[in-house]
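# Overview (structure and organization)
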Amino acid sequence: MKTLIKILFTTLVLFFLNSCSKGPKPIDYGNDGCHFCKMTIVDKIHATELITDKGKIFKFDASECMLNYLNEDKQIAVGLLLTNYYDSPTAFIPSEEATFLISDKIPSPMGANLTAFQTKESAQKVQVEKGGVLYTWSELKSHLKK
């Protein structure tokens, strides 16, 4: 009986520790929906996550959906903004550290043709091939508000 109680106690502790995690959760591509536009998230290069300061996660199919949501809900307490990026689909980097390229030759789910890159150098290499304009996160926020 003591062993069963120990197992149950350990299971409960692990459950609560895991549920309090404030880190990103993998996107279930093809099943998870965008919190803003409600489309199913299928594109593994353009998805984003917003994690509140309390650990609640909102998933988006594109950076512009996350930005539109942030513009609508000015009261949300943002803890972390993450984006998938071109060179390593499904991996996340902080949106504030990414370099963004808007290029008609790299279509994105919502039609803004907006793609994140881990480094400015990798974005510049693709820009040479595909054209377009580079933005930092703060420049992108201003650009998309217009």
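Scroll up a little and you will see the structure.
This text gives an overview of the structure that appears in the document. Within any chain, residue numbers begin from 1 and follow the written order of that chain's sequence. Confidence filtering applies because this is a predicted model: local features only for residues at pLDDT of at least 70, side-chain atom pairs given and counted only at 80 or more, and all residues used for totals across whole chains, interfaces and linings. The side-chain figures draw on all heavy atoms in the structure; neither hydrogens nor water molecules are used.

## Considerations on the overall build of the protein chain
Convention followed: Strands here mean DSSP runs of E at least two residues long; helices mean DSSP runs of H or I at least four residues long; both are numbered from the N terminus. Whether a residue is buried, partly exposed or exposed follows from its accessible area with a 1.4 Å probe, protein chains only, as a fraction of its type maximum: under 20%, in between, or over 50%, in that order. Here, residues are in contact when the closest pair of their heavy atoms is within 4.5 Å.
What the protein chain contains, in helices and strands, is 4 helices and 7 strands. Counting from the amino terminus, helix and strand elements in the protein chain follow one another as α-β-β-α-β-β-β-β-α-β-α. Across the 146 residues that make up the protein chain, the buried fraction comes to 36%. Within the protein chain, contacts between residues at least 6 apart in sequence are counted, and of these 55% link residues at least 24 apart.

## Thoughts on the nonpolar core
Generally speaking, soluble globular proteins have nonpolar side chains that are buried together. In plain terms, the rule: Working definition of a nonpolar core: buried Ala, Val, Leu, Ile, Met, Phe, Trp, Tyr and Cys residues. They are joined through side-chain atoms within 4.5 Å.
Ranked by size, the top nonpolar core spans 25 residues in total, and within it Leu 50, Phe 60, Met 66, Phe 100, Trp 137 and Leu 140 carry the most contacts. If you list the elements that add at least two residues to this core, you get β2 (57–60), α2 (63–72), β5 (99–102), β6 (114–117) and α4 (137–145). Element by element, the count of residues in this core is highest for α2, at 5 residues. Listed in part, the 5 residues of the second largest apolar core include Leu 101, Ile 106, Phe 117 and Val 126.

## A few points about the pattern of salt bridges
Opposite charge on two side chains allows them to pair when their charged atoms are near. Convention followed: One side-chain nitrogen of Lys or Arg within 4 Å of one carboxyl oxygen of Asp or Glu is enough to make a salt bridge.
Across all of its chains, the model carries 2 salt bridges by this definition. The shortest N-O distance in the salt bridge between Asp 32 and Lys 59 comes to 2.8 Å. Taken together, the residues Asp 32 in the loop between α1 (2–19) and β1 (48–52) and Lys 59 in strand β2 connect sequence positions 27 residues apart. Of the two residues, Asp 32 and Lys 59, both sit in the buried class.

## So, the pairing of strand β3 (residues 78–84)
Basically, it comes down to this: In this description, strands pair whenever DSSP reports at least two bridges between them.
Pairing analysis gives 5 bridges linking β1 to β3, with the strands arranged antiparallel. If you follow Leu 50 over to β3, its bridge partner there is Leu 81. Alignment of β3 against strand β4 (residues 92–94), held across 3 bridges, turns out to be antiparallel. Opposite Leu 82, over in β4, you have Pro 94 as the bridge partner.

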